[in-house]
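Listed below, chain by chain, are the residues.
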Amino acid sequence: EDGWPEDGCAIGGWPEDGVQNRSLICELVSRGFVVVTLQYPQTDIVARPMAFYESDARFQHSVDLNDERTQIYARDASTALDDLRKTPVYADMIDLEHSGIFGYSFGGAVAAQATHLDPRFKAAVNLDGRHYATGRTDGVETPYMFVGELLLMPTEEMLRSTDAVTRYEARADLVHDHERAVAVT
């Protein structure tokens, strides 16, 4: 349709390196969806390892930082909807009250979190990401698709492993309400 943008949206992974999932974005746009890309420069919020494995305290600190970053980026996604509403060319073309959101890797966690922060996001897709913030603790209540290589719930053995990486990665994969977090509606 004339007037529709030709670029697209993924809230990318860690760290972002340009538009990810370009073929998926192009496919969505070709079917009439308006897609917005959120990209972030390398800053101190992302210029660090995804997780620290030196101790329980350091690992928890990295989870806390990831929770915080997820919430910030989810608010940015909501702000993007607000900005589209303020843009005259889009204001009357787009039903922003029925938006969806998807993200790859860390962006998938952001997509899940955005559904908790903004009721305009009626559906979310997490492409191979973990869950952080409310998505980790409470799951996702809107229609939600998790696409990943494999989602293993960590075993007690993994959670108590003497190998720090195994133990902390298992903790990172632990979703408190697993059934709700991965339910597909």
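Being a predicted model, the structure only gives us computed values, none of them experimental. Counting from 1, residues in each chain are numbered in the order their sequence is written. This being a predicted model, a pLDDT of at least 70 is required before a residue's local features are given, and a value of 80 or more before pairs of side-chain atoms are given or counted; all residues contribute to the totals for chains, interfaces and linings. The side-chain quantities take in all heavy atoms of the structure and omit both hydrogens and water.

Colleague: Sorry if this is basic, but what is going on with the packing of helix α2 (residues 56-86) against helix α4 (residues 106-117) here?
Modeller: For any two helices packed against each other, one specifies the crossing angle of their axes together with the interaxial distance. In this analysis an axis means a line fitted to C-alpha atoms, helices contributing only their contacting stretch, and an angle means the value between N-to-C directions, from 0 to 180 degrees. Helix and strand labels come from DSSP, where a helix needs a run of H or I of at least four residues and a strand needs a run of E of at least two; each type is numbered from the N terminus. At a minimum axis separation of 8 Å, α2 and α4 run at an interaxial angle of 65°. Where α2 crosses over α4, the two elements pack in a sense that is right-handed. Of the residues in α4, those in contact with N66, R69, T70, Q71, Y73, A74 and R75 of α2 are F106, A109, V110, Q113, A114 and L117. Only Asp, Glu, Lys and Arg are considered charged, only Ala, Val, Leu, Ile, Met, Phe, Trp, Tyr, Cys and Pro nonpolar, and every remaining residue, Gly among them, polar. Split by residue class, the contact of α2 with α4 holds seven nonpolar, four polar and two charged. In this scheme the crossing of two helices becomes right-handed for a clockwise turn of the near helix relative to the far one and left-handed for an anticlockwise turn of less than a right angle. Whether two residues are in contact is decided by their heavy atoms, any of which lying within 4.5 Å being enough.

Colleague: Please clarify how the sheet that holds strand β3 (residues 144-147) should be interpreted in this entry.
Modeller: Hydrogen bonds between backbone groups are what pair the strands of a sheet, and the pairing can be parallel or antiparallel. Strand order in this open sheet of three strands is β1-β2-β3, and the pairing throughout is parallel. Lying at the two open borders of the sheet, with one neighbouring strand each, are β1 (99-104) and β3. On average, adjacent strands in this sheet sit at an angle of 10° to one another, irrespective of strand direction. As paired elements, β1 and strand β2 (residues 121-127) share six bridges and run parallel to each other. Looking at the pairing, G100 lines up with A123 of β2. Contacts from α4 reach β1, β2 and β3 within the one sheet, and its direction differs from that of β1 by about 155°. Between any two strands, at least two bridges found by DSSP are needed for them to pair.

Colleague: Even after reading the chapter, I still don't get the pattern of salt bridges, so can you show me in this structure?
Modeller: Any two side chains of opposite charge can pair, given that their charged atoms come close. One side-chain nitrogen of Lys or Arg within 4 Å of one carboxyl oxygen of Asp or Glu is enough to make a salt bridge. Tallied over the full model, the rule gives seven salt bridges. Taking the shortest distance from any N to any O, the salt bridge between R85 and E97 comes out at 2.7 Å. Remark: E97 occurs in the loop between α3 (88-91) and β1 and R85 occurs in helix α2; sequence separation between them is 12 residues. The exposure class of E97 is partly exposed, given its relative accessible area of 37%. With a shortest N-O distance of 2.7 Å, R160 and E156 are connected by a salt bridge. Three labels apply to residues, based on accessible area from a 1.4 Å probe with only protein chains included: buried if under 20% of the type maximum, exposed if over 50%, partly exposed otherwise in between. Given the relative accessible area of 48%, E156 is considered partly exposed. If you follow the salt bridges from partner to partner, you end up with D82, D118 and R120 in one network.

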